[in-house]
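The chain contents come next:
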Amino acid sequence: MTTTPPQETLSGARPRKRDARRRRKLRLGANISAIVFSVIWIFPVYWMINTAFKPRPEVMTPTPIFFPKHPTLSNFIDAFTQSNFLLNLRNSVIVVAGAVVLSIVLGLLASAALSRFRFRGRRTIMVTILAVQMLPGTALLIPTFLVFNSLNLLGTYIGLILAYVAVVLPFSIWVMRGFFIAIPYEIEEAAMMDGAGNWRILWSILFPLVIPGVIATSIFAFIAAWNDYLVAYTFMKDQTMYTLPVWLASFSNPITGTDFGGQMAGSVLFSLPVVVFFLLIQRKLVAGIAAGAVKG
Amino acid sequence: MSSPIPATSVAGEGVAAADTPGQLHAPRSPQGRKKKDFTPLWLLTPAGLVILAVTIVPIILLIFISFTDYNRRSLFTGEFAVVGLGQYASIFTDVAFWWSLVRTVFFATALVAGSIAIGMAVADLLTRLAPAMRYVVTVVLIFAWAVPNVASSLVWDWLFQPGFGVANWLLTQTHLFGDLTQVNWAQDPVLAYLAIWLLIVWQAVPFIALTLYASQTQVPSEYFEAARLDGASEWGIYWKVAIHFLKPTLLLVTILSVIWDFNVFNQIWLVSQGGPNDATATLGIWTYKTAFVGFHIGEGAAIAVVTTVLLMIFTAYYIRNLVRAGEDL
Amino acid sequence: MHKTRYYLVIGAIGITAALALSACGGSGTGGGSKSTDQTIGTPDGTGKTLTVWAMDSDLSPDTLDAINTEFTKQSGAKVKLEVQPWADITTKVTTALATSTPPDVLDLGNTQIPGYAFNGGLLDLTSYKKELQQGNTWLAGLELPATFEGQLYGVPSFAGNRAVIYNKTVWAAAGVTEAPTTYEALIADLDKIKAANPAKDFSAFYLPGMYWYAGMQWVWDAGGDIATLSNDKWTAGLGSSAAQQGLNDFKTFQNTYSSVASRTLDMDSPEQDKMFASGKTAAILSISSSIDSIQKDNPKLTTADLGTFPFPGKSGKSQPVMLGGSDWGIAAKSQNTELALLWVKIAASPDIQNTYVFAKDGWTPNSVEGIKAAQKTDLPPLTAGFFAAALNSKSTPAAANWAVIEGDLSINQFFSSIASGAKSPADAAEGFDSHIDSVLNGN
């Protein structure tokens, strides 16, 4: 047909080939970037795992050892047998489960109330909820401590759970409300005309549409409860009630010197449940948040 | 009856439909809704009481304490004196406060900019990969995100330790900067910021990248194809096509980042303790030092309140939109 | 109708808040100054449990067991022992002492105890002092920080101090076979070590610039001090000519024998034990538990390779060491004060001190008599150095706010700025002295 150079036509076999070449180049570039990125991004985790398997003399060496010369499981075994690990793990699980469940339940109720019903002071409450999330993390430690002290909640599981719920609730209300207000009232109206009561509406109609918000809440409650050191340390009275972060902190000992291998093994054990949880949940979460973002 | 609702208001639906992203789909009924005022009931239910006790009361207490000289003696003996607004005045006249604010704004900006930029790049990268490679990158991101920051801060402290730190050793091996094995990151203001920045960004990018990626996958590929056929460069495609559809998600993710990064504390404290010589003492660090090292709890409370108000001012525009949203219900 | 309910709710919130603030107040701040001696006796504690908080790795489980067993034997009460990790312990203890059911007995660092004692958190033990002393003279470095306005708030538990730990093998290879006893001898020895090990990252004596415990030894040896109290006012003294002399000597020593990088480092990052274990240095100033830690980090180093000696001072005596250690405090709001007193008395008893605190744990006992008794026994050579050093000891100012100076790291920065040359000793002292003055004399 014409003798114009391939890159100027918009149709025909030539452009497709050029396109294919371009696409292959892009694909190659993408793959290389992906590999480089992955190696860099996973390095700290790799180092953590690497150290966890090293015996103590190999841990701190002037020339880093990238693969243990004498890999050992002793750090992990010691963690299980010589410390409060299992006990603290049990406490962490209890507290996290409680925090997740309670945050979801309370969050749902509160955000439903705030988004569906008009009442005085609603705006103030919304602004307060937003403001609370902007407080510096440690600011509420002492006030909450004092309040819980007078309510005799210190040293109890429920006390610690409530402390975490307090942190997660504002965020959860904010996220879930976003999903609630996106639900057109028509759906409720239709259900009400069919004779459904308020609770029925909440449960079968509204709740399923808010699932991404529920998942977001559960993730943040999980992290808050699993990760926190200071609140667990100050609120709990005895060792049998501490959670895992306190256990992890006990490896830092100014007198005997830090057992880095043990600490890294502990960190690995400590991170595993979160990693597993995230791997399972992440797809639903980010899809939900992305969709929810559109709704403002 | 009510006006027709755009079909895209059903949750989970894609973004590419004809509505403007970010607009709220507010249902309307001409004569206003049936007003059901549940205030008294709701606030007094068990759930309401729990929420009150656990969130509201400590906040009120915090504000009250911010007007007193509450300190350790007060904790032990219950004695304290109300000092009123004088405490706030002394904060605003304290040069250290203003420097702390400057540092906080600067550092938060650097963190947000870095996380978002890298997050956007990674999200775009994810769209171009084959499923297998994409899975690898996703898993890498998940690992970085999921490692609790208690553990990651420990690893970081150790990676950057002078003498035995791997980071120093690796950098020395590149022969680009000379012998760095003894560099003490925590003692140099710039390096301390850099180390902390790396730690926070390392864990912040996954969430941003994955969320943006999820959003980007919603964009129908026809738009990209059309742009490519028009001869647009990859760069141009990204900026003109992808960003347009990513805007709402970007906004959400940015606001979240601003709030979190403004108040970040753990990572800074663990790496540099606000040093050297307060070079990295952001407002969060300063609050902590006041309230938990010097035990000037009242003053610490006041700083916390001021920090919160400042952050609210910075995000005021978004807050106003958010509160307005849903007001028509 | 509405408004009333609204205000009712707000009112309820306000009341709760007020209750919260006052709930931790109340009486129990240990009675006023009782001038009469009181006895502890053997209170009957059957059915009761005493809560004791011990710090991780302070006293060994064996020692604590011994105390508990003796206590239960005498009183019939049980002991609930909680071992606490170190991170954020001040926050933990402070909040615990604010509750109405605090732990009864607490293991408190001697630099931390003023903050609790002087603010009303601990029980006044003055009237029991004679009985608690059990005929011994407590180490000043442990007793003074627990004494406020003449009243006693803590009972010394044990002391740890610093001596030089050196690698005998490396020293012998450089031609030094005897531990130095004078400053000049030490300098000469270190010169030899330095010459024999020219690697850039090797320190003949690893002395991190932020290691203020070490830096203070020079100041004390020259006759200076951090701050002195007179007429209820603290005056910082690092600008005095004696202190300045000491600081200049510190700087010279640090710059000559420790690596350039170490000028701005602290002894825990990287941990100096690990520097020693990996061969980057042949001498450090540290506490007795470092010996064990070093051997764990490098099993090739045996006790034959290690030696200790007190750091000789320019003054001719050994440099005064910073006496670290713990005191036992009793919470002011404790519900079991009589039992607590008995427990504390047993922990401080010569029996426990000699048989467990020293013999088993290797710590320095809490009294002069205890040290002398220990020295009569066959001291393992490694421990001998620490004990010799303990005889000349000093402590930090016994001020309620001293912990702030340690907590805000200003003292670390002070020494490292001198070591690195960022500030001259005179300039650094000017800034730091005014900081000390305002903190120690502040509220």
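Quick caveat: nothing in here was measured; it's all calculated off a predicted structure.

**Quick notes on the sheet that holds strand β7 (residues 163–167) of chain C**
Either a parallel or an antiparallel arrangement is found when strands of a sheet pair, and the pairing is made through backbone hydrogen bonds.
Residues and elements named next belong to chain C.
Now for step 1: On the basis of which strands lie adjacent, the open sheet formed by three strands has the order β10-β7-β11 and antiparallel pairing. Here the strands that pair on one side only, and so sit at the sheet edges, are β10 (283–286) and β11 (306–309). In this sheet, neighbouring strand axes are inclined to one another by 30° on average, regardless of whether the strands run parallel or antiparallel.
Now for step 2: The sheet contact formed by β7 and β11 spans four bridges and is antiparallel. When the bridges of β11 are listed, Val164 appears paired with Phe309.

**Re the side chain of Asn168(B)**
All names here are of chain B.
Now for step 1: Mapped onto the elements of the fold, Asn168 is located in helix α8 (residues 166–173).
Now for step 2: On the accessibility criterion, Asn168 (0% relative accessible area) is buried.
Now for step 3: A polar contact of 2.5 Å, which involves the side chain of Asn168, links it to the side chain of Trp185.

**Here's the deal with the interface of chain A and chain C**
Now for step 1: Contact with chain A, which involves 33 residues of that partner, is made by 39 residues of chain C.
Now for step 2: Of the roughly 3,000 Å² buried between chain A and chain C on both sides combined, carbon and sulfur atoms contribute 59%.
Now for step 3: At the surface where chain A touches chain C, the tally comes to two salt bridges.
Now for step 4: In this structure, the salt-bridge partner of Asp297(C) is Arg56(A), at a minimum N-O distance of 2.7 Å.
Now for step 5: At the boundary of chain A and chain C, one finds eleven residue pairs in polar contact (both at pLDDT 80 or more).
Now for step 6: Contributions of two or more residues to the side of chain A that touches chain C are made by α2 (56–59), α6 (141–150), α11 (230–235) and α12 (244–249) of chain A.

**Looking at the pattern of salt bridges**
Now for step 1: Applying the stated criterion across every chain, the model contains 13 salt bridges over all chains.
Now for step 2: Across the pair Asp225(C) and Lys394(C) runs a salt bridge, and its minimum N-O distance is 4.0 Å. Of this pair, Asp225(C) sits in the loop between α9 (212–221) and β8 (227–230) while Lys394(C) is found in strand β14 (residues 393–394), placing the two residues 169 residues apart along the sequence.
Now for step 3: In this structure Asp225(C) comes out as partly exposed when scored by relative accessible area, which is 21%.
Now for step 4: One network of salt bridges, in which partners are shared, links Arg56(A), Glu271(C), Lys274(C) and Asp297(C).

**Some points on the sheet that holds strand β2 (residues 78–84) of chain C**
Residue and element names in this part refer to chain C.
Now for step 1: Reading across the sheet, the five strands line up as β2-β1-β3-β13-β6 and stay open at both edges, with mixed pairing between neighbours. Of all the strands in the sheet, the pair left with one neighbour each is β2 and β6 (154–160). Shown here is a sheet whose adjacent strand axes are inclined to one another by a mean of 20°, direction ignored.
Now for step 2: By the bridge criterion, five bridges tie strand β3 (residues 105–109) to strand β13 (residues 324–330) in an arrangement that is antiparallel. Residue pairing for β13: Val105 is matched across the bridge by Ile330.

Basis of the calculations
Residues numbered from 1 in each chain as written. Chains lettered and ligands numbered in written order. Predicted model: local features only at pLDDT ≥ 70, side-chain atom pairs only at ≥ 80, totals over all residues. Heavy atoms only, no water. Pairing = 2+ DSSP bridges. Helix = DSSP H or I, 4+ residues; strand = E, 2+ residues; numbered from the N terminus. Axes fitted to C-alpha atoms, helices over the stretch in contact; angles between N-to-C directions. Buried < 20%, exposed > 50% of the residue type's maximum accessible area, 1.4 Å probe, protein only. Polar contact = N/O pair within 3.5 Å; in protein donor to acceptor, adjacent residues only side chain to side chain. Contact = heavy atoms within 4.5 Å. Buried area = accessible area lost by both parts, 1.4 Å probe. Salt bridge = Lys/Arg side-chain N within 4 Å of Asp/Glu carboxyl O.

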